[in-house]
Amino acid sequence: MKKTIHNTTPTTSKTLLQQYFQHIKLEKGLSSNTLAAYTDDLQKLLEFLPSEKITDFRDITTDDIHQFMASLTDIGIHARSQARILSGIRSFFRFLYLEKEITQDPTELIESPKIGQHLPDILTTEEIDLLINSIDLTTTEGQRNRAIMETLYSCGLRVSELCQLKLSDLFLNEGFIKVKGKGNKERLVPISKKAIKEIRLWFYDRNNIQIKPSYEDFVFLSFRRGKPLSRIMVFHIIKTAAENVQLKKTISPHSFRHSFATHLLEGGANLRVIQAMLGHESISTTEIYMHVDRSRLKDEILNHHPRNIGSK
């Protein structure tokens, strides 16, 4: 999508923000709580822009908004909160459009997150194997995409952590990787022999990429751009693989992370261990997997216990 063309005599970004906050405070008559929420929502977007090398919010495109919403999923913000954040951002871009500071509202085609589904569909090990094995290794990106999926599932990474993974973070001979998570907090995560094998095979193809300066240390790169993969590109890889095998579940890169945690819990892993592996600051965030496990246990009992079978 083409970048928005600014007004011929553009107002400074700081002034526009001041005008917007005055607009929602005086003209829309919002309560102090709602005003604070809108301010906080917009601040989240503004803090996201430097990571995408965007210096003026009037240059934001629909793809950039998709990237931002994906980053909210990545850090564990639930759908209800995402919908509220998107609502606040929509208000801001409608204001910019009415003020003729942008020629197209980048939020216009963005769908609100579905509320009520706290976790994406959990994949079975058979479904994960199906997705990974479906990757066509004769294509240029095949081995890279296979290594991406195996690493996501093997290590339970957030998609942003995968995109930022560096060669200097890999300790493959020792069997672990160093991951930089939320708040730049680092953690060591074991990596499976299967994932190590796929990554090492990927290195053969990676050596043929013309890597742009300052990106030489990143593990997963775009063949065309010579730069690290974006979150949206990883989402697209996962979505395409799911469509190719006609998987009926709604999945994303985060599905591999949730499946990783659920399978660990089902296998008897301690919740504190899973918390450390996922990089959750609070154990309460990890405890959501207890509810998933209990729900599955209930289904198993209903479907397989003799008393329930006889009463059907």
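Residues numbered from 1 in each chain as written. Predicted model: local features only at pLDDT ≥ 70, side-chain atom pairs only at ≥ 80, totals over all residues. Heavy atoms only, no water.

## Things to note about the overall build of the protein
And then number 1: Counting its regular elements, the protein contains 14 helices and three strands.
And then number 2: Looking at the protein as a whole, 45% of its 312 residues qualify as buried.
And then number 3: By sequence separation, contacts in the protein at least 24 residues apart represent 61% of the contacts at least 6 residues apart.
And then number 4: Element-wise, carbon and sulfur atoms account for 51% of the exposed surface of the protein, whose accessible area totals about 17,300 Å². (Helix = DSSP H or I, 4+ residues; strand = E, 2+ residues; numbered from the N terminus. Buried < 20%, exposed > 50% of the residue type's maximum accessible area, 1.4 Å probe, protein only. Contact = heavy atoms within 4.5 Å. Areas by Shrake-Rupley, 256 points an atom, 1.4 Å probe, with all protein chains shown as cover.)

## Side note on unusual backbone geometry
If a residue is not glycine, its phi is most likely negative; likewise, a peptide bond is most likely trans.
And then number 1: The phi torsion at S214 lies on the positive side, around 80°, for a residue other than glycine.
And then number 2: By secondary structure assignment, the location of S214 is in the loop between helix 8 (193-206) and helix 9 (231-244).
And then number 3: You can call S214 exposed: its relative accessible area is 57%.

## As for the environment of E161
And then number 1: Positionally, E161 belongs in helix 7 (residues 159-163).
And then number 2: Owing to a relative accessible area of 3%, E161 belongs among the buried residues under this scheme.
And then number 3: In this structure the C-alpha to C-alpha distance between E161 and G181, which are 20 residues apart in sequence, comes to 6.3 Å.
And then number 4: Polar contacts involving the side chain of E161 include one to the side chain of R158, which spans 2.5 Å.
And then number 5: Among the polar contacts made by the side chain of E161, one reaches the side chain of R187 at a distance of 2.9 Å. (Polar contact = N/O pair within 3.5 Å; in protein donor to acceptor, adjacent residues only side chain to side chain.)

## Examining the pattern of salt bridges
And then number 1: Under the criterion given, the structure shown has nine salt bridges.
And then number 2: Close ionic contact of D40 with K44 constitutes a salt bridge, the shortest N to O distance being 2.6 Å. Of this pair, D40 and K44 both sit in helix 2 (residues 32-48), four residues apart, which is roughly one turn of the helix.
And then number 3: Classification of D40 as partly exposed rests on a relative accessible area of 38%.
And then number 4: By relative accessible area, K44 is classed as partly exposed at 25%.
And then number 5: By sharing partners, the salt bridges in this structure join D56, R58 and E101 into a single network. (Salt bridge = Lys/Arg side-chain N within 4 Å of Asp/Glu carboxyl O.)

## Describing the pairing of strand 3 (residues 186-190)
And then number 1: Of the two faces of strand 3, only the one carrying R187 and V189 is buried; E186, L188 and P190 on the other face are not.
And then number 2: Note that strand 2 (residues 176-180) and strand 3 share five bridges and pair antiparallel. Paired with V179 across the bridge in strand 3 is R187. (Pairing = 2+ DSSP bridges.)

## Some thoughts on the packing of aromatic side chains
And then number 1: As enumerated under the stated definition, the model contains 10 aromatic pairs in all.
And then number 2: Ring geometry for Y20 against F21: centres 5.6 Å apart, planes inclined by 50°, an arrangement best described as tilted.
And then number 3: The partly exposed category is assigned to F21, whose relative accessible area is 25%.
And then number 4: Taken together, the ring pairs in this structure connect Y20, F21, F57, F92, F93 and F95 into an aromatic cluster. (Phe/Tyr/Trp six-rings, centres within 6.5 Å; stacked < 30°, edge-to-face > 60°.)

## A closer look at the nonpolar core
And then number 1: Judged by nonpolar contacts, the single largest core of 49 residues is most densely connected at L131, M149, I177, F220, V234 and F256.
And then number 2: Secondary structure elements with two or more residues in this core: helix 5 (125-133), helix 6 (142-155), helix 7, strand 2, helix 8, helix 9, helix 10 (253-266) and helix 11 (271-278).
And then number 3: Element by element, the count of residues in this core is highest for helix 6, at six residues.
And then number 4: If near-sequence neighbours (up to four positions away) are discounted, F256 is found in contact with L123, I128, L131, M149, L152, Y153 and I238.
And then number 5: With 27 residues, the next largest nonpolar core counts L16, I54, F68 and I102 among its residues. (Core = buried A, V, L, I, M, F, W, Y, C linked by side-chain atoms within 4.5 Å.)

## Some points on the sheet that holds strand 2
And then number 1: Taking strand neighbours across the sheet as the criterion, the three strands line up as 1-2-3 in an open arrangement whose pairing is antiparallel. Lying at the two open borders of the sheet, with one neighbouring strand each, are strand 1 (170-171) and strand 3.
And then number 2: In terms of strand pairing, strand 1 meets strand 2 through two bridges, oriented antiparallel. Following the sheet pairing, L170 is matched in strand 2 by I177.

## Some words on the confidence of the model for the protein
And then number 1: Averaged over every residue, the pLDDT of the protein is 82; residues scoring 70 or more account for 82%.
And then number 2: Low pLDDT (under 50) marks residues 1-9, which in the prediction has 21 contacts with non-local residues, meaning those over four places away or in another chain. (pLDDT = per-residue confidence, 0-100.)

## Some details on helix 6
And then number 1: Taking 1.5 Å per residue, 14 residues should reach 20 Å; helix 6 reaches 20 Å between its end C-alpha atoms and fits that length.
And then number 2: Counting buried positions along helix 6 gives 14 out of 14 residues, so the element sits mostly inside the fold.
And then number 3: At the C-terminal side of helix 6, G156 shows a positive phi close to 65°. (Expected span 1.5 Å × (residues − 1).)

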